[in-house]
Amino acid sequence: MKNIVNVRRNRFLETSLAGGLILAFSLSQTGPSQRFGSSIPSGSESTPADFLRIGPDGTVTMIINKSEMGQGVYTSLPMLIAEELECDWKQIRVEPAPVAAVYNNPLTGMQMTGGSMSVRTEWERLRTVGAAAREMLLEAAADIWGVPKARCHADNGMVFHDSGRKLSYGELAEKAAGMPVPLKVPLKDPSAFTIIGKPVARLDAKTKVDGTAVFGLDVKTPGMLTAVIERPPFFGGTVKSLDAARALAVPGVAEVVKTDSGVAVIAEGFWAAMKGRDVLDIAWDEGPHTEISTNTIRQHYATLAQNAGKVARDKGNFGTALVSAAHRLTASYEVPYLAHANMEPLNCAIDLKDDRCDIWVGTQAQTLHRAAAAAVVGLRPEQVFLHTTYLGGGFGRRGNPHSDFVVMAAEVARAIKKPVKVVWTREDDMSGGYYRPFWYSRFSAGIDKSGDLTAWHQRLVGQSIMTGTAYARRLIKDGVDATSVDGAADIAYEIPNLLVDLHSPVVGVPVQWWRSVGHSQNGFMIESFMDEIAHATRRDPYQFRRALLKDHPRHLGVLDLAAQKAGWGSPLPSGRARGIAMCESYGSFVSEVAEVSVSPDGKVMVHRVVCAVDCGRTVNPSTINAQMEGSIAFGLSAALHEAITLEDGRVRQSNFDTYPVLRMDEMPLIEVYIVESKEDPGGVGEPGVPPIAPAVANAIFSATGRRIRRLPIGTVV
Amino acid sequence: MISLKVNGKMYEVDALPDTPLLWVLRDDLGLMGTKYGCGIGRCGSCTVHMDGQAVRSCAIPVASAAGKDIVTIEGLSAGGLHPVQKAWVEEDVPQCGYCQSGQIMAAAALLAANPRPDDADIDRAMSGIICRCGTYQRIRRAIHRAAAMRQG
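If you're wondering where the values come from, they're calculated on a predicted model, not measured in any experiment.

Analysis parameters
The numbers attached to residues start from 1 for each chain and follow its sequence in the written order. Each chain is given a letter, starting from A, and each ligand a number, starting from 1, according to the order in which they appear as written. A pLDDT threshold of at least 70 governs which residues receive local features in this predicted model, and a stricter bar of 80 or more applies before side-chain atom pairs are shown or counted, although totals over entire chains, interfaces and linings include all residues. Water and hydrogen atoms were dropped before computing side-chain values, which therefore reflect all heavy atoms in the structure. By the criteria applied, helices consist of DSSP H or I runs no shorter than four residues and strands consist of E runs no shorter than two, each listed in order from the N terminus. The atom set for the radius of gyration is the C-alpha atoms, and the globule formula is 2.2 Å times the number of residues raised to the power 0.38. Burial here depends on accessible area, computed with a 1.4 Å probe over protein chains only, as a share of the maximum for the residue type. Under 20% is buried, over 50% is exposed, and the range in between is partly exposed. In this description, contact between two residues means that some pair of their heavy atoms is separated by no more than 4.5 Å. A pair is scored as a salt bridge if a Lys or Arg side-chain nitrogen falls within 4 Å of a carboxyl oxygen belonging to Asp or Glu. For the purposes of these results, a polar contact is taken to be a pair of N or O atoms within 3.5 Å, where, inside protein, one atom must be able to donate a hydrogen and its partner to accept one; residues adjacent in sequence count only when each atom of the pair is a side-chain atom. All amino acids are sorted into three groups, where Ala, Val, Leu, Ile, Met, Phe, Trp, Tyr, Cys and Pro are nonpolar, Asp, Glu, Lys and Arg are charged, and the leftover types, Gly among them, are polar. A cavity, in this analysis, means grid points on a 1 Å lattice covering only the protein atoms where a 1.4 Å probe fits yet has no way out; a pocket is instead an open set bounded by protein on both sides within 12 Å along at least five of seven lines, and a residue lines either one if it has an atom within 4 Å of a point. Grid points are joined across faces, edges and corners, and a volume is the space filled by probe spheres set on the points. Where each domain starts and ends follows an automatic or database-derived domain assignment. Pairing between strands is defined by DSSP: at least two bridges between them are needed. Think of each axis as a best-fit line through the C-alpha atoms, taken over the contacting stretch in the case of a helix, with angles from 0 to 180 degrees between the N-to-C directions. Ring geometry is summarised as follows: Phe, Tyr and Trp rings, the Trp one being its six-membered ring, pair when their centres sit within 6.5 Å, and such pairs are stacked at plane angles under 30 degrees, edge-to-face over 60 and tilted between the two. Two conditions define a charge located above a ring, namely a distance within 6 Å from the ring centre to NZ of Lys or CZ of Arg, and an angle within 35 degrees of the ring normal. Joining through side-chain atoms within 4.5 Å is the link that ties buried Ala, Val, Leu, Ile, Met, Phe, Trp, Tyr and Cys residues into a set, and such a set is a nonpolar core.

## Description of the overall build of chain B
The secondary structure content of chain B amounts to five helices and five strands. The N-to-C order of helical and strand elements in chain B reads β-β-α-β-β-β-α-α-α-α. In terms of overall dimensions, chain B is globule-like: its C-alpha atoms have a radius of gyration of 15 Å, near the 15 Å expected for 152 residues. Principal axes of the C-alpha set define a box for chain B whose edges measure 45 × 30 × 25 Å. Here chain B holds 152 residues, and 59% of them are scored as buried. Once local pairs closer than 6 in sequence are excluded, the contacts in chain B between residues at least 24 apart make up 59%.

Have a look at this one:
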């Protein structure tokens, strides 16, 4: 592409902290980028990395550094740029970013999508990119006309002069690329926003309704083969011996290779690969984990919970307060291992040459996954070109910190040196590990004579997901994995004596984060036990929470809004009851009220969910609504149905017949209300998940008197 | 060789007769809009039309699709302009989008058979297709919208 404006914001964090904004713009021809903006020392960060190109036809290509997995970043992030760029929204095209340091998340130092961070970390940077490009376009027009820039303004992809003259962005692009980089770009006052905060339809909707959106599984380059991998029946198992003769005799099977993860059958298509895999003759070394069972894990954790763990929070004096309390309450809670069960099973396509490797993958962790692949194939990361496709669901799984699905593909590529796509079957995906951990918590509370909560103790038992990952140094302190105690150590309720401690047993089941991470279990447990205390003290659960949140206006704001919109306290049809919950996570506050009934045979029906969210300043309210609806469905699915269980080292679930998930006929009516706010944006991809399980469980208690202390709920009898 | 009619075009396919139609569509015909989700007919991502009926292409051996009229998402309309597709865009239904081909094919078959479905009809027709992003509420709205559109 010729005549292009390239905007590059280099070393964003450092320079903005230093007080000056530095932008590098380059005119990208076929050769190496020529850089303008001399404040960037030559030789540093030499990878050309662009956020924006404007073509001679006026097309504005935005290069988006976040993976689109349904959360709407291919719309919300362009909105940030467009707000300042004043381009024609219809001319915007989105392109996934390559892997480069300039695209890193400034908080993690890696290119990745997760932690509900996309808008939060790009909020200033992308508006600055848009503003700088606009200033350069104005400069170019002023120069052409020989008029002061102050007499020009930009609107809808055009620059206008007071005299009425105008030039399109396409006409100005080439010249603008040579204009000096503004050292300081003023950003609009939010009151002047015309795009941010307004509901905008998804830019990727059309391609997702006509079948043309390309997911990882849809990648096919000329000659690309398909591989499926037979993996050990137990975690930690290995291949002892292999007889591939029968597999190799299957028409279409090209090769069978042993890799570190199992045995790969490589064929001309998926079905031939499967037929080959079916007749593999493998003897396994079963490894050390053949005894693991959910029941023994449960017993082990309950035993651990009898002794003190590593302290994550200690405020006041819990021990003394409990002894002097007028009433005491204890309860144990448990949640199971969970699969992410993305609709698109894991996969990774790879083409390895002597000095170059191309990877096409739906990933949430570009930096990590590229480095892991490079290490396997023996190249430098810069020699690996990772192309991010659409993700058929992420939920954290595609950001696996051990790079499992990319490493497995790289191992196959290293063995066969031919373009190959490694496909996981649903069974591989579901029984192959990396689950939300099984968690157990034991709670004790002390209540004084007047019924006030004076002492709170949560002792958690569960595997650390960050141990052994690139995040460990930042997130594990003094043996406490911060994500294990998400929402627990930093509980918002004002309780004078507070103790939270943690056991992090090592268990041979691979675990990782799952949408909303530690909040996914702690939200359920804490908000359920809080409800128990409210009922034990004969307080209204909504008012009880309010009383503990006096100086927390944003928590109170969502709690009040949800209660009001749900008609808290007003009569319901016979058999129905309401439950309420409130959780803070990822910079946002969400309260949900569920309206539930339980049939005589114990089937739980969730009729209506009212959701109030305060996620600070809104970028795309349409996305926020969709994310709340989706989060509630995702959390409800897990609460009602989902569990990965193990018996004698084997995972018992393998597909949607044994791992049921929420379907259309169980979808409640969901109403979402967004609190108006001038605070900085919070996350929206995850915060809607944690409150739904406790809201439903609390409603079940109100309807039936039965307290749910173990998920999934299943049937209530 | 198996003769297949897909989206109005005839194909001669060299595949084992037990190969699921899904993998013939994807690997042999390059029609990638139909998705693999479970392989056992439990998630509906692979839904296509066979003689006008919504079927799970992962559970249909290609041999039994011979001589039938197969329509995939690529053949549902010219330019994505089927009322169901238009309604899907207007209701901003898709999130990750992976299951949506299957959802749309199921919804189109529903409306062809029942031009004015109520919520119970929609539940019956659509509960076989899983969406992990939880777009069900918008799918319901979009089906009602498409029904209204078709009646003009």
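## Considerations on the interface of chain A and chain B
The partner chain B presents 48 residues to the 57 residues of chain A that form the contact. Residue B:Lys35 pairs with A:Asp218 through a salt bridge whose shortest N-O separation is 2.4 Å. Applying the counting rule to chain A against chain B returns 29 residue pairs in polar contact (both at pLDDT 80 or more). Here the side of chain A that touches chain B takes nine residues from helix α17 (residues 621-640) of chain A, the largest share from any one element. Residue classes in the side of chain A that touches chain B are distributed as 28 nonpolar, 13 polar and 16 charged.

## With respect to the layout of surface pockets
Here the idea is plain: a probe the size of a water molecule rolls over the atoms and shows the empty space left. All names here are of chain A. Taken as a whole, the second largest pocket spans an internal volume of roughly 670 Å³. Arg231, Pro232, Phe234, Phe235 and Gly432 are, among the 27 residues lining the second largest pocket, the residues nearest its centre. Counting residues per element, the ones that place at least two in the lining of the second largest pocket are β10 (225-230), α11 (404-416), α12 (426-431) and β30 (650-651). The residue inventory of the lining of the second largest pocket, partitioned by class, reads nine nonpolar, 10 polar and eight charged. Inspection of the lining of the second largest pocket shows a minimum of three residues originating in each of domain 2 (216-287 + 346-423) and domain 3 (294-337 + 435-704).

## Considerations on the sheet that holds strand β1 (residues 2-6) of chain B
Residue and element names in this part refer to chain B. Read across the open sheet, the five strands follow the order β2-β1-β5-β3-β4; overall the sheet is mixed. Edge positions in the open sheet fall to β2 (9-13) and β4 (53-56), since each of these has one partner strand only. Taken pair by pair, the neighbouring strands of this sheet meet at an average axis angle of 40°, ignoring direction. Along the sheet face, helix α3 (residues 100-113) touches β3 (47-50), β4 and β5 (69-71) and points at about 35° away from the line of β3.

## Some thoughts on the packing of aromatic side chains
According to the stated counting rule, one finds 21 aromatic pairs over all chains in the structure shown. Between A:Tyr301 and A:Phe438, the ring centres sit 5.6 Å apart and the planes meet at 75°, which makes this aromatic pair edge-to-face. Residue A:Tyr301 is located in helix α8 (residues 294-304), and its partner A:Phe438 is located in the loop between α12 and β21 (439-447); the two are separated by 137 residues in the primary sequence. For A:Phe438, a relative accessible area of 2% puts it in the buried group. On the numbers, 5.2 Å between centres and 50° between planes, the contact of B:Trp23 with B:Tyr36 is tilted. Here B:Trp23 is found in helix α1 (residues 21-28), whereas its partner B:Tyr36 is found in the loop between α1 and β3, with 13 residues between them in sequence. Three or more aromatic residues joined by ring pairs form one cluster here, namely A:Phe235, A:Tyr301, A:Tyr337, A:Tyr435 and A:Phe438. Here the basic side chain of A:Arg707 rests over the ring of A:Phe701, its NZ or CZ set 4.2 Å away from the ring centre.

## Examining the environment of B:Asp18
The topology assignment puts B:Asp18 in the loop between β2 and α1. A residue is classified by how much of its surface remains accessible, and B:Asp18, at 33% relative accessible area, is partly exposed. Taking C-alpha positions, B:Asp18 is 20 Å from B:Ala54, a pair spaced 36 residues apart along the chain. Those residues in contact with B:Asp18 that lie beyond four places of it in its chain are A:Trp271, A:Lys275 and B:Pro61. Among the polar contacts made by the side chain of B:Asp18, one reaches the side chain of A:Lys275 at a distance of 2.6 Å.

## Examining the pattern of salt bridges
All names here are of chain A. Enumeration over the complete set of coordinates arrives at 51 salt bridges over all chains. The partner of aspartate 531 in a salt bridge is arginine 545, with the nearest N and O atoms 3.3 Å apart. With aspartate 531 in helix α14 (residues 517-536) and arginine 545 in helix α15 (residues 541-547), the pair connects residues that are 14 residues apart, well separated along the chain. The same class applies to aspartate 531 as to arginine 545, namely buried. For lysine 603, the salt bridge goes to glutamate 666, with nearest N and O atoms at 3.1 Å. Taken together, the positions of lysine 603 in the loop between β27 (588-598) and β28 (604-614) and glutamate 666 in the loop between β30 and β31 (669-674) put the pair 63 residues apart, joining distant regions of the chain. Taking relative accessible area as the criterion, lysine 603 reaches 37% and is therefore assigned partly exposed. For glutamate 666, a relative accessible area of 10% puts it in the buried group. Connected via shared salt-bridge partners are Glu84, Arg134, Glu135, Glu139 and Lys149.

## Focus on unusual backbone geometry
Here the amide bond leading from A:Leu711 into A:Pro712 is cis, since omega sits at 0°, within 30 degrees of zero. Note that A:Pro712 resides in the segment after α18 (692-704). Its identity is not glycine, yet A:Asn156 carries a phi of approximately 50°, on the positive side. Looking at the element boundaries, A:Asn156 is found in the loop between β7 (152-155) and β8 (158-161). A relative accessible area of 45% places A:Asn156 in the partly exposed class. Phi at B:Asp51 is positive, roughly 50°, even though this residue is not glycine.

## Quick look at the domain arrangement of chain B
Residues and elements named next belong to chain B. Partitioning chain B into domains gives domain 1 (2-75) and domain 2 (78-150). Relative to domain 2, the C-alpha centre of domain 1 lies at a distance of 20 Å. With 16 residues of domain 1 at the interface, the matching set in domain 2 holds 13 residues. Counting the contacts that link domain 1 with domain 2 gives zero salt bridges. Run the count over domain 1 and domain 2 and you get four residue pairs in polar contact (both at pLDDT 80 or more). At the level of elements, β3 and β4 are the ones that each hand at least two residues to the side of domain 1 that touches domain 2. Its residues placed into classes, the side of domain 1 that touches domain 2 shows six nonpolar, seven polar and three charged.

## A short note on the nonpolar core
If you look at the biggest cluster of nonpolar residues, it comprises 230 residues, and the most contacted ones within it are A:Met62, A:Leu85, A:Tyr337, A:Trp456, A:Val696, A:Ile713 and B:Trp88. At 12 residues, the largest contribution of residues to this core is made by helix α3 (residues 118-145) of chain A. Ignoring anything within four residues of it in the chain, the contact list for B:Trp88 reads A:Val209, B:Val93, B:Pro94, B:Gln100, B:Gln103, B:Ile104, B:Ala107, B:Ile139, B:Ala142 and B:Ile143. A:Ile359, A:Ala372, A:Met408 and A:Val422 belong to the second largest nonpolar core, which has 34 residues in total.

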